[in-house]
Amino acid sequence: MAEYQRICLVHYHEIGLKGHNRSKFEMRLLKNLEAHLCAYPVVTIHRISGRLCVFLKEGTSHDTMVECADAIRSIPGTARVSCGFKCERDLDQMTEAGILAMGESGAFASFKVHARRNHTDFPVNSMEINQIVGGRLSEVYPQVKVQMKDPDLTVGIEVVQNAAYVYARSIPGIGGLPVGSSGTVMSLLSSGIDSPVALWRIARRGAVCIGVHFSGRPQTSDASEFLVDDIAHVLEKTGCIARVYVVPFGDYQREIALSAPPELRVILYRRLMFRVAERIAFYEHAKAIVTGESLGQVASQTLDNIRATNDAVSLPVFRPLIGSDKLEIIAQSQQLGTFPISSQDAPDCCTLFMPRNPETHANLTAVREAEAAFPIDQWVEELACAAEPHDYACPAYKPRKKSLHDLMTENDGD
(Lines give C-alpha, C1' and ligand atoms only; values in the text may rest on other atoms or scores of the structure.)
Protein backbone atom coordinates (compact mmCIF):
# COMPACT_ATOMS: atom_id res chain seq x y z
CA MET A 1 0.00 0.00 0.00
CA ALA A 2 1.35 3.42 -0.99
CA GLU A 3 2.21 6.15 1.53
CA TYR A 4 0.08 9.28 1.37
CA GLN A 5 0.68 12.77 2.71
CA ARG A 6 -1.08 13.42 6.00
CA ILE A 7 -3.47 16.36 6.23
CA CYS A 8 -5.79 18.06 8.69
CA LEU A 9 -8.94 19.45 7.09
CA VAL A 10 -10.30 22.46 8.96
CA HIS A 11 -14.07 22.86 8.63
CA TYR A 12 -15.84 26.07 9.59
CA HIS A 13 -19.50 26.98 9.98
CA GLU A 14 -20.18 30.68 10.57
CA ILE A 15 -17.51 31.78 8.10
CA GLY A 16 -19.26 29.75 5.43
CA LEU A 17 -22.42 31.81 5.97
CA LYS A 18 -20.67 35.07 5.13
CA GLY A 19 -21.26 36.86 1.84
CA HIS A 20 -18.81 38.79 -0.30
CA ASN A 21 -16.38 39.26 2.60
CA ARG A 22 -16.11 35.54 3.31
CA SER A 23 -12.57 35.37 1.91
CA LYS A 24 -11.40 37.90 4.53
CA PHE A 25 -12.61 35.65 7.34
CA GLU A 26 -11.00 32.62 5.70
CA MET A 27 -7.67 34.39 5.32
CA ARG A 28 -7.80 35.60 8.93
CA LEU A 29 -8.33 32.03 10.13
CA LEU A 30 -5.55 30.81 7.82
CA LYS A 31 -3.10 33.38 9.21
CA ASN A 32 -4.04 32.45 12.78
CA LEU A 33 -3.48 28.77 12.04
CA GLU A 34 -0.09 29.47 10.47
CA ALA A 35 1.03 31.36 13.56
CA HIS A 36 -0.20 28.82 16.09
CA LEU A 37 0.98 25.68 14.29
CA CYS A 38 4.61 26.73 13.93
CA ALA A 39 5.65 24.00 16.38
CA TYR A 40 4.24 21.29 14.09
CA PRO A 41 5.64 19.91 10.79
CA VAL A 42 3.32 21.98 8.58
CA VAL A 43 4.31 22.38 4.93
CA THR A 44 1.58 24.84 3.97
CA ILE A 45 -2.09 25.71 4.51
CA HIS A 46 -4.44 26.22 1.56
CA ARG A 47 -8.07 27.14 1.04
CA ILE A 48 -9.88 24.36 -0.80
CA SER A 49 -13.57 24.56 -1.61
CA GLY A 50 -15.03 25.75 1.70
CA ARG A 51 -12.28 24.23 3.84
CA LEU A 52 -8.77 24.98 4.98
CA CYS A 53 -6.30 22.17 4.47
CA VAL A 54 -3.20 21.84 6.65
CA PHE A 55 -0.57 19.82 4.77
CA LEU A 56 1.92 17.98 6.99
CA LYS A 57 5.43 16.94 5.99
CA GLU A 58 5.98 13.48 4.54
CA GLY A 59 6.79 10.98 7.26
CA THR A 60 4.74 12.78 9.91
CA SER A 61 3.54 10.24 12.47
CA HIS A 62 -0.08 9.59 13.37
CA ASP A 63 0.48 10.84 16.92
CA THR A 64 1.93 14.14 15.68
CA MET A 65 -1.03 14.59 13.33
CA VAL A 66 -3.43 14.01 16.23
CA GLU A 67 -1.57 16.55 18.38
CA CYS A 68 -1.75 19.06 15.54
CA ALA A 69 -5.50 18.47 15.15
CA ASP A 70 -6.02 18.95 18.89
CA ALA A 71 -4.21 22.30 18.65
CA ILE A 72 -6.36 23.35 15.70
CA ARG A 73 -9.67 22.50 17.36
CA SER A 74 -9.16 25.10 20.11
CA ILE A 75 -8.51 27.99 17.72
CA PRO A 76 -11.60 30.24 17.34
CA GLY A 77 -13.27 29.86 13.96
CA THR A 78 -12.73 26.10 13.74
CA ALA A 79 -15.96 24.09 13.75
CA ARG A 80 -14.41 20.67 13.12
CA VAL A 81 -11.03 19.10 12.32
CA SER A 82 -10.60 15.93 10.28
CA CYS A 83 -7.42 13.84 10.09
CA GLY A 84 -6.68 12.09 6.82
CA PHE A 85 -4.62 11.80 3.67
CA LYS A 86 -4.08 13.45 0.30
CA CYS A 87 -4.15 11.18 -2.74
CA GLU A 88 -4.66 11.26 -6.49
CA ARG A 89 -8.15 11.50 -7.96
CA ASP A 90 -8.21 7.76 -8.41
CA LEU A 91 -10.76 5.38 -6.91
CA ASP A 92 -8.11 2.80 -6.02
CA GLN A 93 -6.05 5.38 -4.16
CA MET A 94 -9.15 6.77 -2.45
CA THR A 95 -9.92 3.27 -1.25
CA GLU A 96 -6.38 2.73 0.04
CA ALA A 97 -6.42 6.08 1.82
CA GLY A 98 -9.83 5.20 3.28
CA ILE A 99 -8.47 1.91 4.63
CA LEU A 100 -5.58 3.75 6.28
CA ALA A 101 -7.88 6.39 7.75
CA MET A 102 -10.27 3.79 9.15
CA GLY A 103 -7.39 1.83 10.63
CA GLU A 104 -6.33 4.88 12.66
CA SER A 105 -9.81 5.70 13.94
CA GLY A 106 -10.11 3.26 16.83
CA ALA A 107 -12.99 0.85 17.37
CA PHE A 108 -16.25 1.29 15.44
CA ALA A 109 -19.20 -0.99 14.70
CA SER A 110 -20.71 0.90 11.75
CA PHE A 111 -19.59 3.29 9.03
CA LYS A 112 -20.55 5.07 5.86
CA VAL A 113 -18.78 6.93 3.06
CA HIS A 114 -19.67 10.56 2.40
CA ALA A 115 -18.08 11.88 -0.80
CA ARG A 116 -18.21 15.38 -2.22
CA ARG A 117 -17.14 16.08 -5.82
CA ASN A 118 -16.29 19.76 -6.18
CA HIS A 119 -15.30 19.67 -9.85
CA THR A 120 -17.35 17.97 -12.55
CA ASP A 121 -14.24 17.19 -14.61
CA PHE A 122 -13.91 14.08 -12.45
CA PRO A 123 -16.14 11.54 -14.26
CA VAL A 124 -17.52 9.75 -11.19
CA ASN A 125 -20.17 11.64 -9.22
CA SER A 126 -20.49 11.79 -5.44
CA MET A 127 -23.14 9.06 -5.17
CA GLU A 128 -21.11 6.66 -7.31
CA ILE A 129 -17.97 7.33 -5.22
CA ASN A 130 -19.98 6.48 -2.10
CA GLN A 131 -21.11 3.19 -3.62
CA ILE A 132 -17.80 2.11 -5.16
CA VAL A 133 -15.45 3.06 -2.30
CA GLY A 134 -17.99 2.06 0.34
CA GLY A 135 -18.35 -1.37 -1.23
CA ARG A 136 -14.59 -1.90 -1.29
CA LEU A 137 -14.19 -0.77 2.33
CA SER A 138 -16.94 -3.11 3.49
CA GLU A 139 -14.99 -5.98 1.90
CA VAL A 140 -11.92 -5.02 3.96
CA TYR A 141 -14.08 -4.64 7.12
CA PRO A 142 -16.72 -7.39 6.68
CA GLN A 143 -17.49 -7.42 10.40
CA VAL A 144 -18.51 -3.74 10.34
CA LYS A 145 -22.03 -2.70 9.40
CA VAL A 146 -22.69 -0.12 6.68
CA GLN A 147 -25.11 2.35 8.24
CA MET A 148 -26.25 5.52 6.51
CA LYS A 149 -27.89 7.17 9.53
CA ASP A 150 -25.77 8.00 12.62
CA PRO A 151 -22.87 5.61 11.95
CA ASP A 152 -20.01 5.32 14.42
CA LEU A 153 -17.58 6.46 11.72
CA THR A 154 -17.90 8.52 8.56
CA VAL A 155 -15.23 8.25 5.88
CA GLY A 156 -15.17 11.61 4.12
CA ILE A 157 -13.86 12.07 0.59
CA GLU A 158 -13.32 15.52 -0.89
CA VAL A 159 -12.56 15.47 -4.63
CA VAL A 160 -11.16 18.84 -5.70
CA GLN A 161 -9.47 20.09 -8.84
CA ASN A 162 -6.05 18.50 -8.47
CA ALA A 163 -6.38 15.93 -5.69
CA ALA A 164 -8.61 14.01 -3.34
CA TYR A 165 -8.66 14.21 0.45
CA VAL A 166 -9.80 11.21 2.45
CA TYR A 167 -10.39 11.29 6.20
CA ALA A 168 -12.18 9.41 8.98
CA ARG A 169 -11.18 10.75 12.42
CA SER A 170 -13.10 13.98 12.94
CA ILE A 171 -13.27 16.02 16.14
CA PRO A 172 -15.36 19.11 17.01
CA GLY A 173 -13.75 22.54 17.32
CA ILE A 174 -14.89 25.49 19.41
CA GLY A 175 -16.53 27.28 16.48
CA GLY A 176 -17.05 31.04 16.47
CA LEU A 177 -15.10 33.50 14.35
CA PRO A 178 -11.34 33.89 13.90
CA VAL A 179 -9.66 36.33 16.29
CA GLY A 180 -9.05 39.57 14.43
CA SER A 181 -12.25 39.57 12.39
CA SER A 182 -14.38 41.68 14.80
CA GLY A 183 -12.22 44.58 15.96
CA THR A 184 -10.53 45.24 19.31
CA VAL A 185 -11.91 45.35 22.87
CA MET A 186 -10.53 46.20 26.31
CA SER A 187 -11.23 43.48 28.85
CA LEU A 188 -11.02 44.00 32.61
CA LEU A 189 -8.95 41.03 33.73
CA SER A 190 -8.54 39.93 37.34
CA SER A 191 -6.89 36.80 38.69
CA GLY A 192 -10.34 35.38 39.48
CA ILE A 193 -12.49 32.81 37.70
CA ASP A 194 -14.97 34.98 35.80
CA SER A 195 -13.04 37.56 33.78
CA PRO A 196 -10.80 35.11 31.83
CA VAL A 197 -13.93 33.26 30.72
CA ALA A 198 -15.59 36.52 29.65
CA LEU A 199 -12.49 37.50 27.68
CA TRP A 200 -12.39 34.09 25.96
CA ARG A 201 -16.04 34.29 24.97
CA ILE A 202 -15.50 37.65 23.29
CA ALA A 203 -12.32 36.40 21.58
CA ARG A 204 -14.34 33.47 20.24
CA ARG A 205 -16.57 36.04 18.55
CA GLY A 206 -13.55 37.32 16.62
CA ALA A 207 -12.39 40.22 18.82
CA VAL A 208 -8.76 41.01 19.59
CA CYS A 209 -8.74 41.23 23.39
CA ILE A 210 -6.47 43.54 25.37
CA GLY A 211 -6.60 43.00 29.12
CA VAL A 212 -6.45 45.63 31.86
CA HIS A 213 -5.50 44.32 35.29
CA PHE A 214 -5.96 46.63 38.28
CA SER A 215 -3.43 45.58 40.88
CA GLY A 216 -3.71 46.53 44.56
CA ARG A 217 -0.03 47.48 44.45
CA PRO A 218 1.50 49.24 46.39
CA GLN A 219 -1.14 48.68 49.09
CA THR A 220 -0.98 44.90 48.49
CA SER A 221 1.60 42.54 47.05
CA ASP A 222 1.93 41.98 43.31
CA ALA A 223 0.90 38.30 43.57
CA SER A 224 -2.24 38.83 41.47
CA GLU A 225 -0.11 40.17 38.62
CA PHE A 226 1.80 36.89 38.38
CA LEU A 227 -1.45 34.93 38.32
CA VAL A 228 -2.84 37.16 35.57
CA ASP A 229 0.35 36.58 33.59
CA ASP A 230 -0.14 32.81 33.98
CA ILE A 231 -3.77 33.15 32.82
CA ALA A 232 -2.68 35.21 29.81
CA HIS A 233 -0.15 32.54 28.83
CA VAL A 234 -2.97 29.98 28.79
CA LEU A 235 -5.18 32.22 26.66
CA GLU A 236 -2.40 33.12 24.22
CA LYS A 237 -2.06 29.46 23.16
CA THR A 238 -5.04 30.07 20.90
CA GLY A 239 -4.37 33.75 20.20
CA CYS A 240 -7.19 34.97 22.44
CA ILE A 241 -5.22 37.72 24.18
CA ALA A 242 -2.82 40.27 22.70
CA ARG A 243 -1.68 42.45 25.57
CA VAL A 244 -2.31 43.09 29.28
CA TYR A 245 -1.92 46.49 30.91
CA VAL A 246 -1.14 46.26 34.64
CA VAL A 247 -2.37 49.35 36.49
CA PRO A 248 -1.09 50.00 40.09
CA PHE A 249 -4.40 50.99 41.64
CA GLY A 250 -3.95 50.62 45.40
CA ASP A 251 -3.11 54.22 46.35
CA TYR A 252 -6.13 55.58 44.49
CA GLN A 253 -8.41 53.09 46.20
CA ARG A 254 -6.99 54.23 49.51
CA GLU A 255 -7.82 57.87 48.69
CA ILE A 256 -11.40 56.92 47.85
CA ALA A 257 -11.71 54.79 50.99
CA LEU A 258 -10.55 57.67 53.22
CA SER A 259 -13.12 60.19 52.00
CA ALA A 260 -16.04 58.60 50.15
CA PRO A 261 -19.19 57.20 51.81
CA PRO A 262 -18.24 53.58 52.68
CA GLU A 263 -21.27 52.06 50.97
CA LEU A 264 -20.31 53.72 47.65
CA ARG A 265 -16.64 52.72 47.62
CA VAL A 266 -17.05 49.74 45.30
CA ILE A 267 -19.06 51.75 42.79
CA LEU A 268 -16.45 54.53 42.80
CA TYR A 269 -13.61 52.01 42.40
CA ARG A 270 -15.30 50.47 39.40
CA ARG A 271 -16.18 53.79 37.79
CA LEU A 272 -12.53 54.79 38.00
CA MET A 273 -11.49 51.42 36.53
CA PHE A 274 -13.91 51.84 33.65
CA ARG A 275 -12.62 55.35 32.93
CA VAL A 276 -8.99 54.15 32.88
CA ALA A 277 -9.91 51.20 30.66
CA GLU A 278 -11.69 53.61 28.30
CA ARG A 279 -8.66 55.92 28.21
CA ILE A 280 -6.41 53.01 27.22
CA ALA A 281 -9.06 51.82 24.77
CA PHE A 282 -8.88 55.11 22.87
CA TYR A 283 -5.12 54.62 22.53
CA GLU A 284 -5.55 51.02 21.35
CA HIS A 285 -8.43 51.90 18.98
CA ALA A 286 -10.66 49.52 20.94
CA LYS A 287 -14.41 49.90 20.49
CA ALA A 288 -15.80 48.37 23.70
CA ILE A 289 -15.07 47.37 27.30
CA VAL A 290 -15.59 43.78 28.50
CA THR A 291 -16.17 42.65 32.09
CA GLY A 292 -16.80 39.32 33.80
CA GLU A 293 -19.92 40.46 35.66
CA SER A 294 -22.87 38.12 36.17
CA LEU A 295 -26.20 39.63 37.18
CA GLY A 296 -26.76 39.48 40.93
CA GLN A 297 -23.62 37.46 41.68
CA VAL A 298 -22.12 40.07 44.05
CA ALA A 299 -23.15 43.47 45.39
CA SER A 300 -21.59 45.46 42.55
CA GLN A 301 -23.48 43.43 39.92
CA THR A 302 -27.06 44.47 40.57
CA LEU A 303 -28.93 46.34 37.85
CA ASP A 304 -28.71 49.67 39.68
CA ASN A 305 -24.99 49.30 40.30
CA ILE A 306 -24.29 48.18 36.75
CA ARG A 307 -26.13 51.28 35.52
CA ALA A 308 -24.06 53.46 37.87
CA THR A 309 -20.75 52.08 36.57
CA ASN A 310 -21.83 52.22 32.91
CA ASP A 311 -22.56 55.92 33.40
CA ALA A 312 -18.84 56.64 33.80
CA VAL A 313 -17.91 55.81 30.18
CA SER A 314 -19.16 56.41 26.66
CA LEU A 315 -17.94 53.13 25.17
CA PRO A 316 -20.33 50.16 25.15
CA VAL A 317 -19.72 47.65 27.95
CA PHE A 318 -20.07 43.96 27.07
CA ARG A 319 -20.85 41.40 29.78
CA PRO A 320 -20.66 37.93 28.17
CA LEU A 321 -21.41 36.18 31.49
CA ILE A 322 -24.38 38.31 32.50
CA GLY A 323 -26.84 35.40 32.35
CA SER A 324 -24.48 32.62 33.51
CA ASP A 325 -24.40 31.12 36.99
CA LYS A 326 -21.21 30.36 38.89
CA LEU A 327 -21.24 26.63 38.14
CA GLU A 328 -21.44 27.28 34.40
CA ILE A 329 -18.58 29.75 34.60
CA ILE A 330 -16.44 27.34 36.65
CA ALA A 331 -17.07 24.55 34.13
CA GLN A 332 -15.90 26.72 31.26
CA SER A 333 -12.89 27.92 33.27
CA GLN A 334 -11.92 24.28 33.78
CA GLN A 335 -12.34 23.62 30.07
CA LEU A 336 -10.09 26.58 29.23
CA GLY A 337 -7.43 25.52 31.70
CA THR A 338 -7.51 28.76 33.72
CA PHE A 339 -9.39 27.38 36.73
CA PRO A 340 -6.36 25.99 38.65
CA ILE A 341 -4.68 29.40 38.35
CA SER A 342 -7.78 31.41 39.24
CA SER A 343 -8.42 29.20 42.29
CA GLN A 344 -5.24 30.42 43.99
CA ASP A 345 -5.63 33.12 46.63
CA ALA A 346 -3.93 36.42 45.93
CA PRO A 347 -4.63 39.88 47.37
CA ASP A 348 -5.75 42.32 44.69
CA CYS A 349 -7.79 45.47 44.27
CA CYS A 350 -11.06 43.53 44.43
CA THR A 351 -10.56 42.77 48.12
CA LEU A 352 -8.81 46.00 49.11
CA PHE A 353 -10.62 48.52 51.38
CA MET A 354 -13.95 46.72 50.98
CA PRO A 355 -16.84 48.13 53.08
CA ARG A 356 -18.88 45.93 55.40
CA ASN A 357 -22.17 46.85 53.79
CA PRO A 358 -21.73 47.87 50.16
CA GLU A 359 -24.61 49.60 48.39
CA THR A 360 -26.65 47.21 46.25
CA HIS A 361 -28.98 49.79 44.69
CA ALA A 362 -26.84 52.84 44.06
CA ASN A 363 -28.50 56.18 43.39
CA LEU A 364 -26.79 57.67 40.35
CA THR A 365 -27.09 61.25 41.60
CA ALA A 366 -25.49 60.31 44.94
CA VAL A 367 -22.69 58.46 43.15
CA ARG A 368 -21.92 61.45 40.92
CA GLU A 369 -21.89 63.80 43.91
CA ALA A 370 -19.50 61.55 45.84
CA GLU A 371 -17.23 61.22 42.82
CA ALA A 372 -17.10 65.00 42.29
CA ALA A 373 -15.00 65.31 45.47
CA PHE A 374 -12.03 63.66 43.73
CA PRO A 375 -9.76 64.82 40.84
CA ILE A 376 -11.01 62.00 38.63
CA ASP A 377 -9.72 63.32 35.29
CA GLN A 378 -6.26 63.80 36.76
CA TRP A 379 -6.31 60.32 38.26
CA VAL A 380 -7.37 58.74 34.97
CA GLU A 381 -4.42 60.34 33.17
CA GLU A 382 -1.99 59.33 35.95
CA LEU A 383 -3.20 55.74 36.04
CA ALA A 384 -3.24 55.35 32.26
CA CYS A 385 0.27 56.80 32.07
CA ALA A 386 1.44 54.36 34.78
CA ALA A 387 -0.10 51.33 33.03
CA GLU A 388 2.54 48.67 32.31
CA PRO A 389 2.00 46.74 29.04
CA HIS A 390 2.81 43.03 28.71
CA ASP A 391 2.55 41.47 25.25
CA TYR A 392 1.41 37.97 24.28
CA ALA A 393 1.22 35.99 21.05
CA CYS A 394 -1.76 37.16 18.99
CA PRO A 395 -1.17 37.15 15.21
CA ALA A 396 -4.11 39.49 14.60
CA TYR A 397 -2.72 42.27 16.84
CA LYS A 398 -0.49 45.06 15.59
CA PRO A 399 0.88 47.20 18.44
CA ARG A 400 1.10 50.94 17.94
CA LYS A 401 4.55 52.36 17.24
CA LYS A 402 4.48 54.79 20.16
CA SER A 403 3.78 53.62 23.70
CA LEU A 404 0.85 55.00 25.65
CA HIS A 405 3.25 56.59 28.16
CA ASP A 406 5.26 58.35 25.42
CA LEU A 407 2.13 59.52 23.63
CA MET A 408 0.63 60.98 26.81
CA THR A 409 3.92 62.62 27.75
CA GLU A 410 4.06 64.28 24.33
CA ASN A 411 0.50 65.50 24.72
CA ASP A 412 1.32 66.96 28.13
CA GLY A 413 4.20 68.84 26.54
CA ASP A 414 1.88 70.28 23.91
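Everything below is about the structure shown above.
A short tour of the structure in this document, coming up. What you are looking at is a predicted structure, and each value in this text was computed from that prediction instead of being measured.

### Brief notes about a nonpolar patch on the surface
A surface patch of nonpolar side chains, about 280 Å² in accessible area, is lined by Leu-295, Leu-303 and Ile-322. The topology assignment puts Ile-322 in the loop between β13 (317-318) and α10 (326-336).

### Focus on the pairing of strand β11 (residues 243-248)
Of all the six residues making up β11, six are buried; the element is thus mostly covered by neighbouring parts of the structure. Side chains of β11 alternate between two faces, with Arg-243, Tyr-245 and Val-247 and Val-244, Val-246 and Pro-248 buried alike. For strand β10 (residues 208-215) and β11, the ladder comprises six bridges, and the chain directions are parallel. The residue bridging His-213 from the neighbouring strand is Val-246, located in β11. After leaving β10, the chain enters helix α6 (residues 223-235) and then returns to the sheet as β11, a path that is right-handed.

### Here's the deal with the environment of Gly-192
Relative to the assigned elements, Gly-192 resides in the loop between β9 (184-188) and α5 (194-203). In the structure, Gly-192 is positioned 69 residues away from Pro-261 in sequence and 27 Å away in space, judged by C-alpha atoms. In contact with Gly-192, not counting residues within four places along its chain, are Ile-231 and Ser-342.

### As for the nonpolar core
Membership of the largest hydrophobic core comes to 80 residues, with the highest contact counts inside it found for Leu-272 and Ile-280. Of all the elements, helix α8 (residues 265-284) adds the most residues to this core, at eleven residues. Setting aside its immediate chain neighbours within four residues, Leu-272 contacts Phe-249, Tyr-252, Ile-256, Ile-376, Trp-379, Val-380 and Leu-383. In terms of nonpolar packing, the next biggest core, distinct from the first, is built from 27 residues, Phe-111, Val-124, Ile-129 and Ala-164 among them.

### Re the packing of helix α7 (residues 250-259) against α8
The axes of two packed helices give the description: the angle between them and the distance between them. One can describe the packing of α7 onto α8 by two numbers: an axis separation of 10 Å at closest approach and a directional angle of 145°. The two elements α7 and α8 cross, and the hand of that crossing is right-handed. Where α7 abuts α8, its residues Tyr-252, Gln-253, Ile-256 and Ala-257 lie against Arg-265, Leu-268, Tyr-269 and Leu-272. For the contact of α7 with α8, the residue count by class is six nonpolar, one polar and one charged.

### Focus: the environment of Ala-308
Checked against the element boundaries, Ala-308 lands in helix α9 (residues 303-310). Note on Ala-308: relative accessible area 1%, which makes it buried. Sequence separation between Ala-308 and Ile-267 is 41 residues, and the spatial gap between their C-alpha atoms is 7.2 Å. Discounting chain neighbours no more than four positions away, the residues touching Ala-308 are Ile-267, Arg-271, Ala-362, Leu-364 and Val-367.

Criteria and thresholds
Per chain, residue numbering runs from 1 following the sequence as it is written. Restriction of local features to residues with pLDDT of at least 70 applies here, the model being predicted, together with a cutoff of 80 or more for giving and counting side-chain atom pairs; totals for whole chains, interfaces and linings are based on all residues. Water and hydrogen atoms were dropped before computing side-chain values, which therefore reflect all heavy atoms in the structure. A patch consists of residues exposed above 30% relative accessible area that lack any salt bridge, with like charges linked at up to 9 Å and nonpolar side chains (Val, Leu, Ile, Met, Phe, Trp, Tyr) linked at up to 5 Å. Only the protein chains shown count as cover for residues, with accessible areas throughout obtained via the Shrake-Rupley method and a probe of 1.4 Å. Salt bridge, as used here: a side-chain nitrogen of Lys or Arg that lies within 4 Å of a carboxyl oxygen of Asp or Glu. Secondary structure elements are taken from DSSP: a helix is a run of H or I of four residues or more, a strand is a run of E of two residues or more, and numbering for both begins at the N terminus. Per-residue accessibility, obtained with a 1.4 Å probe over protein chains only, is compared with the maximum for each type, and a residue is labelled buried under 20%, exposed over 50%, and partly exposed between these values. The criterion for strand pairing is that DSSP finds at least two bridges linking the strands in question. Handedness rule for crossovers: strands pointing away from the viewer, path from the first strand over the helix to the second running clockwise, crossover right-handed. By definition, residues are in contact when any of their heavy atoms lie within 4.5 Å. What we call a nonpolar core is a set of buried Ala, Val, Leu, Ile, Met, Phe, Trp, Tyr and Cys residues that are connected through their side-chain atoms within 4.5 Å. Each axis is a line fitted through C-alpha atoms, and for a helix only the stretch in contact is used; angles between axes span 0 to 180 degrees, taken between their N-to-C directions. For any helix crossing, the convention is left-handed if the near helix is rotated counterclockwise from the far helix by under a right angle, and right-handed if that rotation is clockwise. Under this grouping Gly is polar, as are all residues other than the nonpolar Ala, Val, Leu, Ile, Met, Phe, Trp, Tyr, Cys and Pro and the charged Asp, Glu, Lys and Arg.

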